[in-house]
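# Structure assessment
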Amino acid sequence: MLRLITPKVTVTSKVIMLNSVKRSSIQKINPNFVKYMQNSGRKFYSTGSKSTNNDPDLSKNERTFAPKWFQYFLISTIAGGIGYMVSDVDKLKSDPVSYMFRDEKFIIQGSTLPLDELDSPQYNTDEDQIAELCTKLKVLLKNNSDNYSDYPNDLTAHSDTEFNTHHATKNQRPKLIVFPRNTEEVSQIVKLCNHYNVPIVPFSGGTSLEGHFLPTRSPCISIDMSKYMNNIVAFHELDQDITVQAGLPWEDLNDYLNEKGYKFGCDPGPGAQLGGCVANSCSGTNAYRYGTMKENVVNLTIVLPDGQVIKTRKRPRKSSAGYNLNGIFTGSEGTLGIVTEVTVKAHVLPKIETVVVASFPNIKEAAACSSEVIQSGIQLNAMELLDDNMMKLVNENGMTPRSDWMESPTLFFKVGGNSSVITDELLKQLKTIAKKHGTKKFEYAKSDEDKLELWEARKVALWSVLDAGQKGNPEAKVWTTDVAVPLSNFSKVIDDTKKDMAKTDLINAIVGHAGDGNFHAFLIYRNQTEYKQCATLVERMVKRALEAEGTCTGEHGVGIGKRDFLQEELGQTTIDLMRKIKIAIDPKRIMNPDKIFKIDPLEQKHIEHEDHSD
């Protein structure tokens, strides 16, 4: 009888061998098939009771070679099978539940909302209906022209500023600006806009930098809180908090509190108002000591996109009751609702405070000094960093009482406490650390006049850069942007960024909130070529921060300008979750459209963008 030897793969140093495996039963095989296999090179052997030792092919335990075509076929088949199994194992490990349902329909209700699952928003563009809306808004505001405006200059001022990184086109203007006087009027205005399906752009101080109030959709209504809603509602001194309206400038709030021995914890750019401070989650030079806006908000009064009014919580210093709605609305940039009132913490002023200025040989040493100060546990009220370019520009523009600042990277400190013993000890420790990092000069204020003079250089930083650019070209603009990184990476990221900017001919400077790893780059551009250079530098700066486990923005917010960077930072799924929250609260997508992330899969078709072609 004949038996087909079942192949089994083994590997030697030279060939793939086929091992014969004896079977307990003898299989009959068609003689024609045997002949065909023999002619093709396949070997069969007699396994009857007679000895087969005379068959030379059965030496060495019946091992034999298969023909090459069969070897290749066998290898590829096995390799493919292994690859398939490895692929299946990978799928099993990465998503075991989906793998369980691989052969049938697996249905799950989505927790996130990808952009491609949305249709484009359908805003109202009917001229008659828009005119009807504007008429009703004016009636609501008692037909008093002080309560609304459609003057071209006002419309332009509510669309853009020269500080924005992304600018409005000539067609991107609100249809009407309204000036409500209280929360109820805001609610009624929003209800009308919701009914007519017309977008709303909240507005307060207009100091944001990333196109936050740019009216991407036309027509839209601008709701300006600054004209009338700028009052202090209540100061609760024993509780150390204060309730104010959204249009109150933070400087006015601080002046009021200072007279009573308190201060507001944040200090953003000049002109910022409390509603915008909440919307952008501002911070400033004091954040190192007192926290950002998120840490300073006690509660918020919000008008939702359908006109309903909510208060996020009462006035406890802490609460674990329900969702943290303060956290959801703070930093939402007007995309979820309009802040009409905010209660913030009032911090006790230090009894004694002085200002220290220390200069260093390079920015890396200055940044390293700030990191060591933090790691040593020294409690300061502020710690700011200005690079050598910035100090030079401060000297040149003459905006401070002195113009003899050392033109090298400089740290500005605010040192405070309840007694001179405490402040003297802090100064001593600070000076010791500064010397370790090669400080060239270490001076501190000995009077209130000295204190104001020394801190003035930090306050005029942005204006000094813009002034330098516009001296050579009145049309020059400043691109100011920020990132934040973990403290351990601060010195390297800021040093690499400075070296990158130094390779260009652009006027540039760096200012940093050294206490929390946040720094700003100021870049002047005078034409489209320089604009593109700025854009490239900013992109590299942000990527550098993200690679260092930082963020694309520490306090400026996202707006239009940093939407792509936000996606790179957080990932698509996280953005999709934000979009889900947005649509849940604002299903018509009327609240400050297109900010933070995209809400329209056909955005390029529906939105004009500033032309930066040469």
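Thresholds, definitions, all that
Residues numbered from 1 in each chain as written. Predicted model: local features only at pLDDT ≥ 70, side-chain atom pairs only at ≥ 80, totals over all residues. Heavy atoms only, no water. UniProt positions renumbered as here; feature names shortened; annotations may be inferred. Helix = DSSP H or I, 4+ residues; strand = E, 2+ residues; numbered from the N terminus. Expected span 1.5 Å × (residues − 1). Buried < 20%, exposed > 50% of the residue type's maximum accessible area, 1.4 Å probe, protein only. Arc of directions from axis to C-beta. Contact = heavy atoms within 4.5 Å. Axes fitted to C-alpha atoms, helices over the stretch in contact; angles between N-to-C directions. Nonpolar A, V, L, I, M, F, W, Y, C, P; charged D, E, K, R; others polar. Phe/Tyr/Trp six-rings, centres within 6.5 Å; stacked < 30°, edge-to-face > 60°. Lys NZ or Arg CZ within 6 Å of the ring centre and 35° of its normal. Pairing = 2+ DSSP bridges. Core = buried A, V, L, I, M, F, W, Y, C linked by side-chain atoms within 4.5 Å. pLDDT = per-residue confidence, 0-100.

Within an unreviewed UniProt entry, the label attached to the protein reads D-lactate dehydrogenase (cytochrome), and the organism entered is Maudiozyma saulgeensis. Per UniProt, the protein has the following entry under Cofactor (unreviewed entry): "FAD". Taken directly from UniProt, the Sequence similarities (unreviewed entry) text for the protein runs: "Belongs to the FAD-binding oxidoreductase/transferase type 4 family."

The terminal C-alpha atoms of helix H15 (residues 420–436) lie 25 Å apart, and with 17 residues this matches the ideal 24 Å at 1.5 Å per residue to within 8%. Among the residues of H15, Thr 423, Leu 426, Leu 427, Leu 430, Ile 433 and Ala 434 are the ones counted as buried. The arc that holds the buried residues of H15, viewed along the axis, is 130°, so those residues lie on one side. Of the residues in H15, the exposed ones pointing more than 90 degrees away from the buried face are Val 421, Lys 428, Lys 435 and Lys 436. For H15, the elements touching its buried residues are strand S15 (352–359), helix H13 (363–375), strand S17 (410–417) and strand S18 (441–444). Following H15 by one or two positions, Gly 438 has its phi on the positive side, about 75°.

Take the packing of helix H20 (residues 563–570) against helix H21 (residues 572–585) next. In helix packing, the relevant descriptors are the interaxial angle and the interaxial distance, both defined with respect to the helix axes. H21 packs onto H20 with a crossing angle of 115° between their chain directions and a minimal axis gap of 6 Å. Facing H20, whose interface residues are Leu 566, Gln 567 and Leu 570, H21 presents Gln 572, Thr 574, Ile 575 and Met 578. In the contact of H20 with H21, the residues fall into four nonpolar, three polar and no charged.

What follows deals with the packing of aromatic side chains. By convention here, two paired aromatic rings are described through the distance between centres and the angle between planes. Overall, the coordinates contain nine aromatic pairs when judged by the stated rule. With 6.3 Å between their ring centres and 85° between their planes, Phe 412 and Trp 455 make a pair best called edge-to-face. Residue Phe 412 is located in strand S17, and its partner Trp 455 is located in helix H16 (residues 448–459); the two are separated by 43 residues in the primary sequence. With respect to class, Phe 412 is no different from Trp 455; both count as buried. Measuring from ring centre to ring centre gives 6.2 Å for Phe 490 and Phe 519, while their planes differ by 65°; the resulting arrangement is edge-to-face. You can see Phe 490 sitting in helix H18 (residues 487–502) and its partner Phe 519 sitting in strand S21 (residues 518–525), a full 29 residues away along the chain. Using a relative accessible area of 0% as the deciding quantity, one classes Phe 519 as buried. Aromatic rings pair up to connect Phe 235, Tyr 256 and Tyr 262 into one cluster. Lying across the ring of Tyr 228, Arg 181 places its NZ or CZ 3.7 Å from the centre. When the ring centre of Phe 179 is taken as reference, the NZ or CZ atom of Lys 227 above it lies at 4.8 Å.

Picture the strands of a sheet paired through backbone hydrogen bonds; they go either parallel or antiparallel. Sheet architecture is open: four strands sit in the order S5-S6-S8-S7, paired in mixed fashion. Taken across any chain shown, the strands that pair with only one partner, and hence form the sheet edges, are strand S5 (148–149) and strand S7 (200–203). In the sheet, S5 pairs with strand S6 (residues 176–178) via two bridges, with the strands oriented antiparallel. Across the sheet, residue Tyr 148 finds its bridge partner in S6, namely Val 178. Along the sheet, helix H5 (residues 127–140) contacts S5, S6 and strand S8 (221–224); its crossing angle with S6, the most-contacted strand, is approximately 20°.

Another aspect to go through is the environment of Asn 164. Counting through the fold element by element, Asn 164 comes out in the loop between helix H6 (152–157) and S6. For Asn 164 and Gly 211, which are 47 residues apart along the polypeptide, the C-alpha to C-alpha distance reads 5.7 Å. If near-sequence neighbours (up to four positions away) are discounted, Asn 164 is found in contact with Ser 208, Leu 209, Glu 210, Gly 211, Phe 213 and Tyr 525.

Before going further, it helps to spend a moment on the nonpolar core. In this structure, Ile 221, Ile 223, Leu 253, Phe 264, Leu 274, Met 293 and Val 342 are the most contacted members of the largest nonpolar core, which totals 58 residues. Ranked by the residues each element gives to this core, the list is headed by helix H7 (residues 183–196), at six residues. Non-local contacts of Leu 274, meaning those with residues more than four positions away in its chain, are made with Val 244, Gln 245, Ala 246, Leu 248, Pro 249, Trp 250, Leu 253, Phe 264, Met 293, Val 342 and Val 344.

In this model, the protein carries an average pLDDT of 87, and 85% of its residues clear a pLDDT of 70 or more. Every residue in residues 1–29 scores below 50 in pLDDT, and together they form 66 contacts with partners more than four places removed in sequence or on other chains. Ignoring residues within four places in sequence, the model shows residues 40–63, a span with pLDDT below 50, making 37 contacts including any to other chains.

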